[in-house]
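# An overview of the molecular structure
So the chains spell out like this:
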Amino acid sequence: MSRYIVGLTGGIGSGKSTISRLFVALGATVIDADQIARDLVMPGSATLQAIVARFGPSLLTEDGSLDRPRLRQRIFSQAADKTWLEQLLHPRIRQALLQACDACPDPYVILMAPLLFENGLDVLVQRILTVDVSQETQILRTCQRDNNDRALVEAIIASQISRQQRCARSDDIIDNETSTPEQLRQRVTQLHINYLAFASQHAR
Ligand code: ADP
């Protein structure tokens, strides 16, 4: 029986990292899907070698790591390259995510994936938890955190699934708009208890 996986998602600046820290404080393990995807193309990895074999060494920075902006530029202008890259990466990312989740000794594991729906990772998880805020709050908090300009954050939001669709496809939602820190802690504690119970049913 595979690990019980809870997908944690939400738009940019909704509070996923903040909520994940509350789960970690309760002893849960959070696996960061973006980090796993980055690790997959580390210098020396077979996946990075495959990318270089196709696109050439100009896709590498001086220290031998993947030049992501350059790769993005390349696939933006070449549809066939984009398809090729997705077909290379997606199965490998899924496999690496499932391996990381299965290696976790806890009853359940949280898979934090900002693009859970957009990248089709929702099929890997047993339950979906969304952190939800209004778009205005997303913009304000992200700009404050990253010193980004508003237009960039709006463009990122526009490229992501809509708030309505994300919430409609979720099992649990945390309102991070108006909750106090104490209310958030209580909500996360309750969800943690629920997930432990769901995981023990799942294991039977
Ligand atoms: P995400 O991981 O979804 O991009 P973060 O957890 O980094 O979002 O939160 C975005 C920013 O908003 C961070 O600077 C964080 O400290 C802040 N933040 C998160 N939750 C709240 C909250 N309830 N009230 C005020 N600021 C918050």
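For the structure itself, look to the data block above.
Conventions adopted
- Residues numbered from 1 in each chain as written.
- Predicted model: local features only at pLDDT ≥ 70, side-chain atom pairs only at ≥ 80, totals over all residues.
- Heavy atoms only, no water.
- Near = heavy atom within 4 Å.
- Polar contact = N/O pair within 3.5 Å; in protein donor to acceptor, adjacent residues only side chain to side chain.
- Areas by Shrake-Rupley, 256 points an atom, 1.4 Å probe, with all protein chains shown as cover.
- 1 Å grid on protein atoms, 1.4 Å probe; cavity = no way out; pocket = protein on both sides within 12 Å on 5 of 7 lines; lining within 4 Å.
- Sits in = over half its atoms within 2 Å of the grid points.
- Helix = DSSP H or I, 4+ residues; strand = E, 2+ residues; numbered from the N terminus.
- Nonpolar A, V, L, I, M, F, W, Y, C, P; charged D, E, K, R; others polar.
- Points joined across faces, edges and corners; volume = space filled by probe spheres on them.
- Axes fitted to C-alpha atoms, helices over the stretch in contact; angles between N-to-C directions.
- Parallel < 35°, antiparallel > 145°, perpendicular 65-115°, else oblique.
- Contact = heavy atoms within 4.5 Å.

### Considerations on the site of the ligand
Near the ligand you find Gly11, Gly13, Ser14, Gly15, Lys16, Ser17, Thr18, Arg141, Arg145 and Asn176, and these make up its full shell. Measuring from a nitrogen atom of the ligand, one finds a side-chain N or O atom of Arg141 at 3.2 Å. Here Asn176 contributes a side-chain N or O atom positioned 2.8 Å from a nitrogen atom of the ligand. In isolation the ligand has 560 Å² of accessible area, and contact with the protein removes 71% of it. The cavity that encloses the ligand is the largest pocket. Contributing elements (two or more residues each) for the shell around the ligand: helix H1 (16–25) and helix H6 (135–146). Residue classes in the shell around the ligand are distributed as no nonpolar, seven polar and three charged.

### Things to note about empty space enclosed by the protein
Scanning all chains against the criterion turns up one cavity of 30 Å³ or more. Put simply, the largest cavity is a space of about 40 Å³. Taken together, Gly11, Ser14, Val131, Asp132, Val133, Gln138, Arg163 and Arg166 make up the lining of the largest cavity. Elements with a contribution of two residues or more to the lining of the largest cavity: strand S4 (127–132) and helix H8 (163–168).

### Focus on the packing of helix H3 (residues 46–55) against helix H5 (residues 79–102)
In contact at an axis separation of 11 Å, H3 and H5 are set at 170° when each is read in the N-to-C sense. Judged on the interaxial angle alone, H5 and H3 are roughly antiparallel. Contacts from Ala46, Thr47, Ala50, Ile51, Arg54 and Phe55 of H3 reach H5 at Ala80, Asp81, Trp84, Leu85, Leu88, Leu89 and Arg92. Here the contact of H3 with H5 is built from residues that sort into nine nonpolar, one polar and three charged.

That's the geometry; what it means functionally is another story.
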